[in-house]
Amino acid sequence: CDWSSDVCSSDLPYFSDEISALETTVNTMLEKLDAAQKMAQTEQQARTKQLEADKKILEESQMAATRVVKDIAKQQKELTLSKAKDEAILASIGDGLVVVDEKGKFLFFNKIAERIMGIGVLQANPQEWGKFYSVYYPEDLQTMVSLEE
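These numbers were taken from a predicted model, which means no experiment stands behind them.

The rules behind each value
Residues numbered from 1 in each chain as written. Predicted model: local features only at pLDDT ≥ 70, side-chain atom pairs only at ≥ 80, totals over all residues. Heavy atoms only, no water. Helix = DSSP H or I, 4+ residues; strand = E, 2+ residues; numbered from the N terminus. Buried < 20%, exposed > 50% of the residue type's maximum accessible area, 1.4 Å probe, protein only. Areas by Shrake-Rupley, 256 points an atom, 1.4 Å probe, with all protein chains shown as cover. Salt bridge = Lys/Arg side-chain N within 4 Å of Asp/Glu carboxyl O. Polar contact = N/O pair within 3.5 Å; in protein donor to acceptor, adjacent residues only side chain to side chain. Contact = heavy atoms within 4.5 Å. Patch = residues over 30% accessible without salt bridge, like charges linked within 9 Å, V, L, I, M, F, W, Y side chains within 5 Å.

1. Overview of the overall build of the protein
No. 1: Summing up its helical and strand segments, the protein has 3 helices and 2 strands in all.
No. 2: Counting from the amino terminus, helix and strand elements in the protein follow one another as α-β-β-α-α.
No. 3: The burial tally for the protein puts 8% of its 149 residues in the buried class.
No. 4: Looking at the protein as shown, the accessible area adds up to about 12800 Å², and 57% of this sits on carbon and sulfur atoms.

Set out below in structure tokens:
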């Protein structure tokens, strides 16, 4: 072996085996890296596909919600117009008219009713109406509701 060179010819088989082992290790690492990259790409494609499907569902939901809001706004407008029309009709009736719900809340009291009774809407409990109004049962319109009822 020549001491002037770093490698002796007798050492070549040793280096050859070492280089071969290193090459095998590097190739194995490259194969694993390639497999991991392919798996990551597959997962990314699947996730992208799922996100696109979710986006489509969200867009459809937003469009449906927009339609519902528009429908509600349209119905509210129609209801407001209908209520104004009904109130105008009830107010123009020549007879006295008082409308009360099942809980005793006055829903409507026209001007003729105020003139006939000499009193307008009071915030009184239904049990106290007899003190202020002549209240009759709807079945016969003859029997007056007593204060005890």
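Additional details are given in the paragraphs that follow.
2. A word on the pattern of salt bridges
No. 1: Scanning the entire structure with this criterion turns up 1 salt bridge.
No. 2: Residues Lys 38 and Asp 34 are paired through a salt bridge, measuring 3.4 Å at the closest nitrogen-oxygen approach. With Lys 38 and Asp 34 both in helix α1 (residues 12-92), this residue pair falls 4 residues apart, about one helical turn.
No. 3: Taking relative accessible area as the criterion, Asp 34 reaches 35% and is therefore assigned partly exposed.

3. Things to note about the side chain of Asn 110
No. 1: Mapped onto the elements of the fold, Asn 110 is located in the loop between β2 (106-109) and α2 (111-117).
No. 2: Overall, Asn 110 belongs to the buried group, its relative accessible area being 1%.
No. 3: A polar contact of 3.5 Å, which involves the side chain of Asn 110, links it to the backbone oxygen of Leu 90.
No. 4: In contact with Asn 110, other than residues within four places in its own chain, are Leu 90, Ala 91, Ile 93, Asp 95, Gly 96 and Leu 97.

4. Notes on a nonpolar patch on the surface
No. 1: Where nonpolar side chains cluster on the molecular surface, the patch consists of Leu 22, Val 26, Leu 30 and Leu 33 and spans about 390 Å² of accessible area.
No. 2: Here Leu 30 shows up in helix α1.
No. 3: Classification of Leu 30 as partly exposed rests on a relative accessible area of 48%.

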